Structures are given as C-alpha cells and as structure tokens.
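Chain and residue survey
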Amino acid sequence: MSTESKEILVGESSQAKPEKKTIVLMASDGDEFVVDVDDITNQSEMIRNLISDMGGTDGLQVPLLNVTAPVLAKLLELFNVSNKNDDDEEVTQKVKELMEAELNMMIDVLGAANYIEATSFFDLSCKVLADKFKGMSVEEVREFLNIECDFTEEELQQIHAENAWAFD
Amino acid sequence: MMLRAREQRRENDRNKEKEVVMQPSIWGRLPDELLERIIALLPLRTILALRPTCRRFSCLLSSPAFLSLLHAHNSLAFLLLSHPQFSHRCLPLYDPAADGWRSVPLPPSSTSGSASPSSLLLLSAASGLLLFALGRSSLLVANLLTNASKVLPLPTYSAAPSSAALVSLPSRSNSTHGYKIFLPCASDDDVFVYDSASVAWTRFPGFEPVLGRRNPHQGGAFFDGSLYFTTPEPFSTVGFDLRNGAWDVGVAPPMPEDLAFVRLVGGCSGSGEDHLYLVGGVGRDGISRSLKLWELVGRKEERKGRAWEEIGRLPEMMCRKFMSVCYHNYSHVNCLWHEGLVCICCTTWPEVLFFKVSRGTWHWLPRCPMLQEKWSCGFRWFSFVPDLFALV
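Residues numbered from 1 in each chain as written. Chains lettered and ligands numbered in written order. Predicted model: local features only at pLDDT ≥ 70, side-chain atom pairs only at ≥ 80, totals over all residues. Heavy atoms only, no water.

As recorded by an unreviewed UniProt entry, chain B carries the name F-box domain-containing protein and is attributed to Musa balbisiana.

Per an unreviewed UniProt entry, the recorded name for chain A is SKP1-like protein, and the organism is Musa balbisiana. The UniProt entry for chain A carries this comment under Subunit (unreviewed entry): "Part of a SCF (SKP1-cullin-F-box) protein ligase complex." UniProt, in its Function (unreviewed entry) section for chain A, records the words "Involved in ubiquitination and subsequent proteasomal degradation of target proteins. Together with CUL1, RBX1 and a F-box protein, it forms a SCF E3 ubiquitin ligase complex. The functional specificity of this complex depends on the type of F-box protein. In the SCF complex, it serves as an adapter that links the F-box protein to CUL1." (UniProt positions renumbered as here; feature names shortened; annotations may be inferred.)

What follows is the structure in structure tokens.
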C-alpha cells in the first residue's frame, strides 16, 4: 500500500472551476483525498451532518478510521459514476463488475458506504448483492456463505411442511 | 450438435461450480448486520425458501430488527378455495405467479380442554389473516406465515357463525396491522364488533333490511372505514361505520336501474387507495341479460357529487356461460377483491370469473385439479395475501 498522499478530485467539473469548495478525507493509513463538497455531501449523510455541525468546510479534514486508502479510492470512484449519471443503471453495472472481479473489495466498499452513511449507494449495492442470492438453492447459499446446516433431519422436514405452500 | 451444446453447458456448469467454491470464504466475511440488510431486499418468497439454510436464517422472520428492514412490498398473493368436503387440515391454494395449485395446512383446531379437533370453517380473510369458525362457540384468527393464531370465544352462545367479516387495520404508530371482526348475530338484531386493539367485543344495534333473513350472503365490503352492504330490492347501499357502529343509508348514490342482483366489492389499489365496486346483473323481471361493473367515484365529503361510474361489461359469450353456471339463481353469486382483480364467484361452479381493473379485461380461472368431479356446490373463495405484520 502506498504511503504517498494522493489527490483525487471527485467530479470533472471541480477541476474547471477551482473556486469550488473542497474538503479532505483521510483514510485509515493517513492518505488524504481531496473531494468536492457538493459531490460528497450528495452521497454521504454523515459528512453532510458533520459540515453542518462544524458550521462550514474551511480546512475541514475528516478522518475515516475504518476505511483504507484503496477502499476509499474505489468508493469515491463509484460515487463519481453515480454523481455523473442521473439514473442508477451505470453505477449498478460498475458495482456488479466489482462484485464479480473483486468481491473482497466490494464487501469493504459496502462497509465503508454504510460507515459514512451513503444511504442510496449502500442500498443500491445491497440490491446488487441480493440479486446474487436470487435463484440459489439452500445448499448453494450454505456453501456460498460458509454456513453449516445446524438443523436435524426432522427439523428440516418440519420447516418444509410449514411453508412449502408459500413457494414452488 | 445437441451433444456438443450439452457438453458445453456442462463445462459452463463446472466452471460456475468452481467459481462458487472459490468464493465462500470471502462472502463469509460479510458482517451479519450487512448480510441481514441484503437478505431483507430479497422477495419474501425467497426468504421463506431459504429458511432451511440454518437456524439464524430460519429465525430472521421472527426478529423485530430484521422485520424493520423488510420492504413493505409483498411478493405473495393467493386465492384460497374452501369447500365443505375438504379435510379440516388443509385447503387448496392457487398461486397466480406460478399458475399452479398447492395445498396449505391449516392451523391446529383443537381447543384447549377438548382432545378432539373441532371443525374449522373459513369465514373471511384480510391482509394475511384468516378467520375461521372453530366449532360452535369460538372463532380462530390465524396468520399462516408467522404460525400465530388466537382463539376468540364468541360473545353470545347461539348457532355457529356462518358469516363474519374480517377487516385489517394498519397501525398508526408502526408497520403492523390490527383487525376488527364484524359478526352479525343470527338470533337477534344485534351485531358484534371485535377490536384487536382493545381485545374486546362491542355490541351495536343491527339493521334489519341488511341483516334480515330476506338478505342472505352479506359479507360486507370494506371501504373508507365502513363496511358496505346492499339491501334487498329496491336495491340500495348501506354503510356500517366500524368506529361508532352507526348505520348510514345515504352513504352512496342510487344504484343504476334495471338490476337483477347486486354485489359490492371493496378493493385497495397498488397505491393504497380504497375503492368500492358494484357488480350488477342487468335485466328486467329478475333475469340478468348482462353483467356490468361500476366504481363509486366522487369524494366522501360531497355526497351529491358521488356517482356509480361504469367501468366494465362482461362480453356476451362469457355472460351466457356465467348465467348458465349459476342457473339464474343469483343468491349463489359472491364477489371478492384480490390484488387488482374483481372476482365473481358462484358457489355452484368451481371456476372463477375475474375482471382485471387496470386493463379492463375479463378472464376465467380454471377449475382446481384437487376437486373431485362429483362435488358440485359449496365453493367459496378468499383472497389470501400473507403478511408478516398482521398480528393476531
């Protein structure tokens, strides 16, 4: 992991208009990310509340103790996609790609989104992950989540008898 | 060619398996809290199907924290068929999503104190709750999804109830549903209303034109906080306010002319708005030549502005079939609302005629394959929309 500090400007427009306000997000490893205030408050309820509590954005540095630099970079990249598109289609696609390619990263991004209260992005990502479960059998889900079946054979039969009417 | 395609598919399946095998340890990293958030986004049908995964999954649906994450939308809705010759242990259920029939086990019917199970007769259904007559002296309210049920002793000891209306009432403070039961009393002119919030029966005066012997098959259509009934000829609409027990004869505009029979249906649209529909056989001298559907339009506050607006007419060929299956004896006809459909049923015929309100189209639901050929009457239908938040 790089220890050099990086600058990522979220949203292309922010470069063209330098008067736009920015704040600094600090990842757990000390890396700093400069982000556009509008772009980040558009996504994160926690930062929106923080700015209103502090009464402004001047020289504001927000330490995110639970989020590592690569995860924060990925999250900001996805926010960027989300801010640039009016509908959710593009960002849903990106989340899907990330889930298939780097599930580990996706789970961390999800945790980070939950931590900074990026509600709509979090809900969208959860939906993408939930879709993964649709159509899976009980055995597949157990294998997938590394869960052991802790029911006895009789209990399984009882559960089946109890709600077989509700599905095929 | 076929063989190669199959080989290819097998190869793909094998790759898929590998992928699944490689990922579990990573998915296992997902914190419980996040996993529950994700599961809560699945359709109820899928959550139920995943109950056998492990104890934790199985208990989710009884965890208040998890229930609060669930979205209000519901993916389950069925039609239940009751018939006197079905066993008291299960009923056939039609699943429109799968266009198939299944059997739903009924709650245990043995009352405390008696060892032998009492007879169980389905009387009414509303928002996931089913109301049964249990033997001669009790009612049973059951939520089949949560396996919860409650026995209510009848407020008077007379004959076993043959009709009662169950009405679901959303709670003001949270997402749960309470209910009320409207119970006409056969022996005298009173009605009883049970309120699940106060856990008590209240007695109100009856209304002879509606509840009298000349006017059978009155379940009551729920609309705008009241149950709506029709009187015998000359037909008119009467409302019973469930909050104060008042009967209101001026609650709806006069009915269209030349009706041979009328039924009211209370329905709720997808956006949560209440509607009241009128199903009427049109024709003179008590013989229906056609069948039409009206909707009550206009605001409750402006009674004069209210009117019955025609929204559908049964095509002639279907109408001929319907009139012949009920032998022009309209006392066999009963109507119900089910998820955007006005269902017109006949106790003497195992098929259901229904009108899709959004599209304005008419259809028949075919006969249930679980029925035996010789069973010819006594068919009663109920709309069953399982709901975790319907409290017994």
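All right, on to the sheet that holds strand 22 (residues 349–356) of chain B then. Residues and elements named next belong to chain B. One open sheet accounts for four strands, arranged 20-21-22-23; its pairing is antiparallel. The open sheet is flanked by strand 20 (333–338) and strand 23 (361–365), the only strands paired with a single partner. Between one strand axis and the next, the sheet turns by 25° as a mean value, whatever way the strands run. Sheet topology places strand 22 next to strand 23; five bridges connect them, and they run antiparallel. Its bridge partner lying in strand 23, Val352 is registered against Leu365. (Pairing = 2+ DSSP bridges. Helix = DSSP H or I, 4+ residues; strand = E, 2+ residues; numbered from the N terminus. Axes fitted to C-alpha atoms, helices over the stretch in contact; angles between N-to-C directions.)

Listed by partner, the interface residues are 44 residues for chain B and 42 residues for chain A. Carbon and sulfur atoms make up 67% of the area that chain B and chain A hide from each other, which totals about 3900 Å². For the pair chain B and chain A, the interface holds three salt bridges. Residues A:Asp123 and B:Arg37 are paired through a salt bridge, measuring 3.9 Å at the closest nitrogen-oxygen approach. Counting across the chain B and chain A interface gives eight residue pairs in polar contact (both at pLDDT 80 or more). Elements that contribute at least two residues to the side of chain B that touches chain A include exactly helix 1 (2–22), helix 2 (24–27), helix 3 (32–39), helix 4 (44–49), helix 5 (55–59), strand 2 (90–95) and strand 3 (100–105) of chain B. Counting residues per element, the side of chain B that touches chain A draws most heavily on helix 3 of chain B, at five residues. Of the residues assigned to the side of chain B that touches chain A, the class counts are 28 nonpolar, seven polar and nine charged. (Contact = heavy atoms within 4.5 Å. Buried area = accessible area lost by both parts, 1.4 Å probe. Salt bridge = Lys/Arg side-chain N within 4 Å of Asp/Glu carboxyl O. Polar contact = N/O pair within 3.5 Å; in protein donor to acceptor, adjacent residues only side chain to side chain. Nonpolar A, V, L, I, M, F, W, Y, C, P; charged D, E, K, R; others polar.)

Residues and elements named next belong to chain B. Here four strands make up an open sheet; going across it, the order is 12-13-14-15 and the pairing antiparallel. Where the open sheet ends on each side, the last strands, each with one partner, are strand 12 (221–223) and strand 15 (247–248). The pairing of strand 14 (residues 237–241) with strand 15 spans two bridges and is antiparallel. When the sheet's bridge partners are listed, Gly239 is paired in strand 15 with Asp248.

Attention now moves to the domain arrangement of chain B. Looking at chain B, the domain boundaries give domain 1 (24–71) and domain 2 (78–384). Placing the centre of domain 1 of chain B and that of domain 2 of chain B at their C-alpha centroids yields a distance of 35 Å. (Domains from an automatic or database assignment.)

Residue and element names in this part refer to chain B. Of all the six residues making up strand 20, six are buried; the element is thus mostly covered by neighbouring parts of the structure. Covered by surrounding structure in strand 20 are Val333, Cys335 and Trp337 together with Asn334, Leu336 and His338, the residues of both alternating faces. Relative to strand 21 (residues 341–346), strand 20 is paired through six bridges, and the arrangement is antiparallel. Each bridged residue has a counterpart across the sheet, and for His338 the counterpart in strand 21 is Leu341. (Buried < 20%, exposed > 50% of the residue type's maximum accessible area, 1.4 Å probe, protein only.)

With that settled, the discussion passes to the UniProt feature "domain: SKP1 component POZ" (unreviewed entry) in chain A. Mapped onto the present numbering, the UniProt feature "domain: SKP1 component POZ" (unreviewed entry) falls at residues 21–77 of chain A. The straight-line gap between the two end C-alpha atoms of residues 21–77 of chain A is 19 Å; of that span, 42% is helix and 23% is strand.

On to the packing of aromatic side chains, then. Residues and elements named next belong to chain B. Inspection of every chain in the model, using the stated rule, returns 21 aromatic pairs over all chains. Note on Phe78 and Phe384: the rings are 6.2 Å apart at their centroids and 40° apart in plane angle, and the pair reads as tilted. Taken together, the positions of Phe78 in strand 1 (residues 78–82) and Phe384 in strand 24 (residues 380–384) put the pair 306 residues apart, joining distant regions of the chain. Phe384 shares its class with Phe78; the two are buried. Among the aromatic side chains, those forming a connected cluster through ring pairs are Phe182, Phe204, Phe207, Phe229, Phe240 and Trp247. Above the face of the Trp364 ring, Lys321 is positioned so that its terminal group lies 4.2 Å from the ring centre. (Phe/Tyr/Trp six-rings, centres within 6.5 Å; stacked < 30°, edge-to-face > 60°. Lys NZ or Arg CZ within 6 Å of the ring centre and 35° of its normal.)

Here we come to a negative patch on the surface. On the surface, a cluster of negative charge is made up of A:Asp86, A:Asp87, A:Asp88, A:Glu89, A:Glu90 and A:Glu97. Looking at where A:Glu90 falls in the secondary structure, it is placed in helix 5 (residues 89–101). (Patch = residues over 30% accessible without salt bridge, like charges linked within 9 Å, V, L, I, M, F, W, Y side chains within 5 Å. Areas by Shrake-Rupley, 256 points an atom, 1.4 Å probe, with all protein chains shown as cover. Lys, Arg positive; Asp, Glu negative; His and termini not counted. Charge placed at Lys NZ, Arg CZ, Asp CG, Glu CD.)

Core analysis: the biggest nonpolar cluster contains 110 residues, and A:Ile23, A:Leu25, A:Phe121 and B:Trp381 have the highest contact counts within it. It is helix 4 (residues 69–84) of chain A that provides the largest number of residues to this core, a total of nine residues. Discounting chain neighbours no more than four positions away, the residues touching A:Ile23 are A:Phe33, A:Val34, A:Val35, A:Val37, A:Ile40, A:Ile47, A:Ile51, A:Thr57, A:Leu60 and A:Val62. Formed by 25 residues, the second largest nonpolar core is a distinct cluster that contains B:Cys319, B:Tyr330, B:Val333 and B:Phe355. (Core = buried A, V, L, I, M, F, W, Y, C linked by side-chain atoms within 4.5 Å.)

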